[in-house]
Amino acid sequence: MKTLTIFTTLLAVSAAKKCIVKAPASNAADANDVASDVEAPAENVDAPAEISDNEGKLEDEVDSNDETSDNENSGKKSGKLPASFKWGAATAAYQVEGAWNVDGRGESVWDHFTHLYPHNVETGRPGDEDSISGNVACDSYHKFEEDVKMMKIMNANHYRFSISWSRLFPDGQAKKENGKWNVNEKGAEYYDMVINTLIENDITPLATLYHWDLPYALHEKYGGWLDYHSQYDFANYAEFCFERFGDRVKNWITINEPWVNCVAGYKNGPGKAPYRCTGEAPRKLQNDTTGLDLLGGCSYEIGPTQYTPDSEVLPANRPPQRLEDVWCSHNILLGHAQAVKVYRDKFQKKQKGLIGITVDGEAQIPWEEPNMTEEEYANNEKYANLAAEFRIGWYSDPPMIGDYPESVKQRMGKDLPEFTPEQKKLLKGSSSDFLGWNTYTSHWAAQVKNEDGTYVKPPTDEEASYENSKRDMWDDNCRGRGDGWTCIPPTLGSQAGSSWNTKYGPTIRVGLNWFAKRYEGLIKNGIIITENGCAQPNYKVSRANDQVTIDYFKSIGKEEFADAYDEDMIEREDDLEGTLIHDTYRIDWYKQYLENLRLAYVEDGVDVRGYMAWSLIDNYEWENGYETRFGMTYIDFYNDPELKRVPKDSLTFLGQWYLDNVEQE
Ligand code: PNW
């Protein structure tokens, strides 16, 4: 086991004493309530092969499961997670590194669009470009050792970071000629340093190859993920990373959150880079907690120069405008599979690491209302599964079972691209080493009713299209909304500091059970929670939204579903010491989610092998800028040129949670 410094332990203990958080209304009972609706998966009979990931001491791929099963058993008996549990925090390159034009780094789509459309970032200082972009961010490029100190406080044994593609290959195109890669060597040296520093500190690297920062050159060249060539460029870049870093990196995530990348980048625009949109949904923050009305509307014109609407000759592979996010998703899934193929064919046997994808998506909870019949509730349960297939299965089924879910195919009809038989083969099992899940929030799901009380019908085969695909569902958002980003109360849980970010602990347990049941026997090394975290709330707004939620839950006799709200904090919202550093709201978030994760493992037998909190450190929260804070470490981005790292109470809370709830060797 790792050495814990006395300092760390002392900090953790003092924090645990300091942070007296009002317990949410019967947290565990709450979790049980919901999970009892979910069928627990059968215990894993054939324990899957574990490839250990510690410091190159790796066992053979298949017959090495004894240690894992021991750990699992002892963990279950004691109610704790096993000593092998991967515990840590996550960040992403563009959000923390800064140094955007240093040492030969190329431009990514995020550099390009934050520079071109600064007004589409919600917060910042007028005239200060760095305050609305990732130009400097946390400057982890120069301050990585400071970040490692923060990892130590939470007793991390893993750290999830991402590699910036354009830092290694400024034009996005990795090539090996005469045994030599065209890599930007300085960039590669930076990641060598990151990886070596982690290992020296007993922290296992978990590297993401793509966290949304596509090299701009590829966007300009062929529309990035809109074009099928992207999969090969991604696989070439991945090959370099395996070859260069794979002797030390034994945990690889190919793609982070394909849904967010494609839907926010190509459909809901202007949201995330490359700020394109399909035309139907210009981003306007209806009922949003920030009250902002962004400039700019649909940004279809923001694209590669050859993609202007009046181009006479369009690139052959350009998908129709209304389906750009669908094609982005298709190509990015293929990119994932190509990278896995490279790893399996050329590296995995020797390097003995693990590779998988990270998907995101809300757990779906059947909608309830007063005087509902059992039949109606059962129907909403059916719709909750349908909604999960649409929101999550669309992305997790291809890398697990080789194709899109049947329900998605049926509803999308000819608007859904098809995988060829070869592509299905390539995809199937491409995330069977482990599955990464980023989890934040749950959504209600139901079949929509007409005004006369009859159900809206799903589209027939003739009517199947992207536009009709969810017409009978409340699907992937809060009550009564399709497809947007903003929750309208009543929401599940209380409103944290991003419009979509609500605190509802059972989320993690419901979702883990959904995956475990769907992919039973198919995931060799379990599910890893690759992100989970809480944006610092704006208490006044949150409070108002929460009241609607609490009233609603009372009306259906489930008051305990709404989290208790710490009234005191409203008074203290402007007090930095009071809420930002002493982040009791966030501690309560972690308490609830981790308890539900523990129960999923101990009670439901779900094979969950890791938890990475989002985020180690306050950072550039994409189009929300720097004032939406997900970190467990505080940085005063505007006033402190040193960008000093200040640990928040949640960081020490997690350090203590680990000691209390994970078996120590
Ligand atoms: C994730 N949603 O994004 C990303 O992986 C991180 O880079 C990001 O900072 C973090 O979560 C917090 O936002 C998400 O609307 C963005 O449901 C939006 C959603 C989910 C995840």
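The structure displayed is predicted, hence computed values, not measured ones.

Basis of the calculations
Residues numbered from 1 in each chain as written. Predicted model: local features only at pLDDT ≥ 70, side-chain atom pairs only at ≥ 80, totals over all residues. Heavy atoms only, no water. Salt bridge = Lys/Arg side-chain N within 4 Å of Asp/Glu carboxyl O. Buried < 20%, exposed > 50% of the residue type's maximum accessible area, 1.4 Å probe, protein only. Near = heavy atom within 4 Å. Polar contact = N/O pair within 3.5 Å; in protein donor to acceptor, adjacent residues only side chain to side chain. Areas by Shrake-Rupley, 256 points an atom, 1.4 Å probe, with all protein chains shown as cover. Nonpolar A, V, L, I, M, F, W, Y, C, P; charged D, E, K, R; others polar. Helix = DSSP H or I, 4+ residues; strand = E, 2+ residues; numbered from the N terminus. pLDDT = per-residue confidence, 0-100. Contact = heavy atoms within 4.5 Å. Pairing = 2+ DSSP bridges. Axes fitted to C-alpha atoms, helices over the stretch in contact; angles between N-to-C directions. Parallel < 35°, antiparallel > 145°, perpendicular 65-115°, else oblique. Left-handed = near helix turned anticlockwise from the far one by under 90°.

### As for the pattern of salt bridges
A pair can form between side chains of opposite charge whenever their charged atoms are brought close.
Next up, step 1: One pass over the structure, following the stated rule, counts 34 salt bridges.
Next up, step 2: With a shortest N-O distance of 2.8 Å, Arg105 and Asp111 are connected by a salt bridge.
Next up, step 3: For Arg105, a relative accessible area of 9% gives the class buried.
Next up, step 4: Arg248 is paired through a salt bridge with Asp247; the nearest N and O atoms lie 3.0 Å apart.

### Digging into the site of the ligand
Next up, step 1: Taken together, 15 residues lie around the ligand, and Gln95, His211, Glu531, Glu621 and Trp622 are the ones closest in.
Next up, step 2: With respect to the ligand, the side chain of His211 contributes an N or O atom lying 2.8 Å from an oxygen atom.
Next up, step 3: Contact with the protein chains covers 97% of the free accessible surface of the ligand, which is 450 Å².
Next up, step 4: Across the shell around the ligand, the residue classes tally to seven nonpolar, four polar and four charged.

### What to know about unusual backbone geometry
The phi angle of most residues is negative, glycine excepted, and most peptide bonds adopt the trans form.
Next up, step 1: For the bond running from Ala273 to Pro274, omega is 5°, close enough to zero to count as cis.
Next up, step 2: In this fold, Pro274 is placed in the loop between α11 (258-266) and α12 (324-351).
Next up, step 3: At the junction of Trp614 and Ser615, the peptide bond is cis and its omega measures out at 10° in the coordinates.
Next up, step 4: Mapped onto the elements of the fold, Ser615 is located in the loop between β15 (608-614) and β16 (633-634).
Next up, step 5: A positive phi angle is found at Ala99, which is not glycine, with a value near 50°.
Next up, step 6: Note that Ala99 resides in the loop between α4 (93-96) and α5 (109-116).
Next up, step 7: Assessed through its relative accessible area of 7%, Ala99 is described here as buried.
Next up, step 8: The backbone phi angle of Asp103 is positive, close to 55°, even though this residue is not glycine.
Next up, step 9: Within the secondary structure, Asp103 sits in the loop between α4 and α5.

### Quick look at the confidence of the model for the chain
Next up, step 1: Taken over all residues, the pLDDT of the chain has a mean of 83, while the share at 70 or more is 79%.
Next up, step 2: For the stretch residues 280-302, pLDDT sits under 50, and the model shows 56 contacts to residues farther than four places along the chain or on other chains.

### Notes on the sheet that holds β15
Next up, step 1: Taken in spatial order, the eight strands close into a barrel running β1-β2-β5-β6-β7-β9-β14-β15, and their pairing is parallel. If you compare each strand with its neighbour and ignore which way they point, the axes differ by 25° on average.
Next up, step 2: As paired elements, strand β7 (residues 354-360) and strand β9 (residues 435-438) share three bridges and run parallel to each other. Directly across from Thr358, in β9, lies its bridge partner Gly436.
Next up, step 3: Strands in contact with helix α13 (residues 374-401) are β7 and β9; relative to β7, the strand with the most contacts, it is inclined by about 165°.

### Quick notes on the packing of α13 against helix α16 (residues 506-518)
Next up, step 1: Between α13 and α16, the least distance of the axes is 12 Å, while the angle of their chain directions is 65°. It follows that α13 is roughly perpendicular to α16 by the angle criterion. Every pair of crossing elements has a handedness; the one defined by α13 and α16 is right-handed. Judged by residue contacts, Asn385, Ala388, Glu389, Ile392, Gly393, Ser396 and Asp397 of α13 engage Trp514, Phe515 and Arg518 from α16.
Next up, step 2: Here the contact of α13 with α16 is composed, by residue class, of four nonpolar, three polar and three charged.

### Some remarks on the environment of Ile357
Next up, step 1: Take Ile357: it is sitting in strand β7.
Next up, step 2: Taking the C-alpha atoms as reference, Ile357 lies 9.0 Å from Leu333; in sequence the two are 24 residues apart.
Next up, step 3: Each residue touching Ile357, except ones within four places of it in the same chain, is listed here: Ile253, Thr254, Ile255, Pro258, Leu333, His336, Pro399, Ser431, Phe434, Leu435 and Gly436.

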